[in-house]
Structures are given as C-alpha cells and as structure tokens.
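Chain and residue survey
Now for the letters of each chain:
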Amino acid sequence: MDAVIKKFMPPSAYMEKPVTDRPTEAEAEAAVRTLLRWTGDNPDREGLVDTPKRVVKAYREMFGGYDKCPAEELGRTFEEVAGYDDLVLVKDITFHSHCEHHMVPIIGKAHVGYLPDGKVVGLSKIARVVDIFAQRLQTQEAMTAQIAGVIQDVLNPRGVAVMLEAEHMCMAMRGIRKEGSTTLTSTFTGVFKDTPEEQVRFVTMVRGGRG
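As the structure is a prediction and not an experimental result, all values here were calculated from the model.

**Some thoughts on the nonpolar core**
Within the largest apolar cluster, 36 residues are counted, with the highest numbers of intra-cluster contacts made by Leu 74, Phe 95, Ile 126, Ile 147 and Ile 151. The set of elements that each furnish at least two residues to this core consists of strand 3 (88-99), strand 4 (105-115), strand 5 (120-121), helix 4 (123-134), helix 5 (140-155), strand 7 (159-168) and helix 6 (169-172). No other element matches the seven residues that helix 5 contributes to this core. In this structure, Ile 126 is in contact with Leu 74, Val 90, Ile 93, Val 112, Tyr 114, Val 121 and Ile 151, ignoring residues within four places of it in sequence. Ranked by size, the runner-up nonpolar core spans eight residues in total, among them Leu 115, Ala 161, Phe 188 and Phe 202.

**A closer look at unusual backbone geometry**
Even without being a glycine, Met 103 presents a positive backbone phi close to 60°. The residue Met 103 is located in the loop between strand 3 and strand 4 in this model. According to the relative accessible area criterion, Met 103 is partly exposed, its value standing at 38%. A positive phi angle is found at Arg 177, which is not glycine, with a value near 55°. Turning to its location among the elements, Arg 177 is positioned in the loop between helix 6 and strand 8 (183-188). Overall, Arg 177 belongs to the exposed group, its relative accessible area being 58%.

**Some details on the packing of aromatic side chains**
Under the criterion given, the structure shown has four aromatic pairs. Where Phe 188 meets Phe 202, the ring centres are 6.1 Å apart and the plane angle is 90°; that geometry is what we call edge-to-face. With Phe 188 in strand 8 and Phe 202 in helix 8 (residues 196-207), this pair connects stretches of sequence that are 14 residues apart. Judged by its relative accessible area of 17%, Phe 188 is buried. Members of the aromatic cluster, connected to one another through ring pairs, are Phe 188, Phe 192 and Phe 202.

**Some points on the UniProt feature "binding site: Zn(2+)" (unreviewed entry) in the protein**
Look at the UniProt record and you will see "binding site: Zn(2+)" (unreviewed entry) annotated at Cys 99, His 102 and Cys 170. A stretch of 72 residues holds the annotated residues, and the largest C-alpha distance among them is 7.4 Å, short enough that they meet in one place. Looking at where His 102 falls in the secondary structure, it is placed in the loop between strand 3 and strand 4. What His 102 contacts, discounting residues up to four positions off in sequence, is Cys 170 and Arg 174. Relative to the helices and strands, Cys 170 is located in helix 6.

Here is what the cut-offs are and how they apply
Residues numbered from 1 in each chain as written. Predicted model: local features only at pLDDT ≥ 70, side-chain atom pairs only at ≥ 80, totals over all residues. Heavy atoms only, no water. Core = buried A, V, L, I, M, F, W, Y, C linked by side-chain atoms within 4.5 Å. Buried < 20%, exposed > 50% of the residue type's maximum accessible area, 1.4 Å probe, protein only. Helix = DSSP H or I, 4+ residues; strand = E, 2+ residues; numbered from the N terminus. Contact = heavy atoms within 4.5 Å. Phe/Tyr/Trp six-rings, centres within 6.5 Å; stacked < 30°, edge-to-face > 60°. UniProt positions renumbered as here; feature names shortened; annotations may be inferred.

Below you can see the structure in the form of structure tokens.
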C-alpha cells in the first residue's frame, strides 16, 4: 500500500510554546533547588544533591510535546483501503499528562474515532497525537478538543469523536483528596456532532466488552 504524504503547514496553535522562551538548564536546575528549599529540605544533602539534574531531565521527557507538532504526525495517509469508509476507532490509549493549574499528574485513557473520507492514517499516529498533547501542561477539556481539532483539520474526515477518561492527582493528592474519581470529557465534529446515533455508536463501541 502506497502512502500519500501531505505537506501540511501547521497553524501556530499546534506549537503552543516557542523554544526560545526556555531558560537554560542551569537556570532550571537552580529553580528546582529553590523549590527543594521551599519544601523545608536541604538541597545539599546526599539524597537531593543530584535531584535538580534529574528533575530537569525528567521534565524534558514529560513535556516533550512542546517540541513536536501533532499535525506533522498525521501528514502521511493511505488511500488504498478497499473502499472502507466506516468508523475507525482506537480506544484505551493510555496517557500521562500534567494539570496546568498545579503541575501534578493526570492519568487516563483516550478513545479516538473518525469516519474517513477516502483516506486513513496509520493507527500509531493517533496514539502519537494523544501523547504529544498529553506531554504539555493541560486541562482535560482542552486536550480533548485539541486532539479532535487537529485530526479534523489535517485529515478532513467526515467526523471525529474523542473521549478522555482520567484521574486528576490535583483532586487525589491535595485539596478535596478524593482518590479514584474519574473525569470524562468528549467532543464530536462533523457527522458525529450532527447525528446523535453516531455518538451512541461511538460510545457503545468504546464501552463494548466492559462490565
């Protein structure tokens, strides 16, 4: 099957933070030392002396989504699909993100479906799009809309459906401290938005096989 590579110039919204805004690694490590002191601990003790370097390295990985463009992940499509034009659903895509309000983890699963209009994208690319948006400071509502928006903009399918379900550590670790509570968000475009029956079909397929 030959792939069609689409040259897509992404809107700036897909690259939300200019790399030039970043401080140096030394400045970032100094900031971590300040936070360690703020906790009441001693950043010079043996167990913490290398923590600033470790944290900066971990942040580079956990927030790698700022350096990647989700639109580019969707630029390679396939048109030889034997006329298939029904729902493509990738469900139970695990993700780890961070709340933009408290910078603590959001842990959950994404379910992403679309109705192709003559072309499909590699299934792993859908998961990569989820990961790119997850590896940024987020709210679950915004992340849901962003995933649907970039798929709709780049692939131009007949419709996109996205559902996220996640536990927010800002509710479990602090404040109200309610462990195990799950937040669900969903958004629909195109045929899914206009046809309630398609929404029901999507949710039914997501929930299929579950108790």
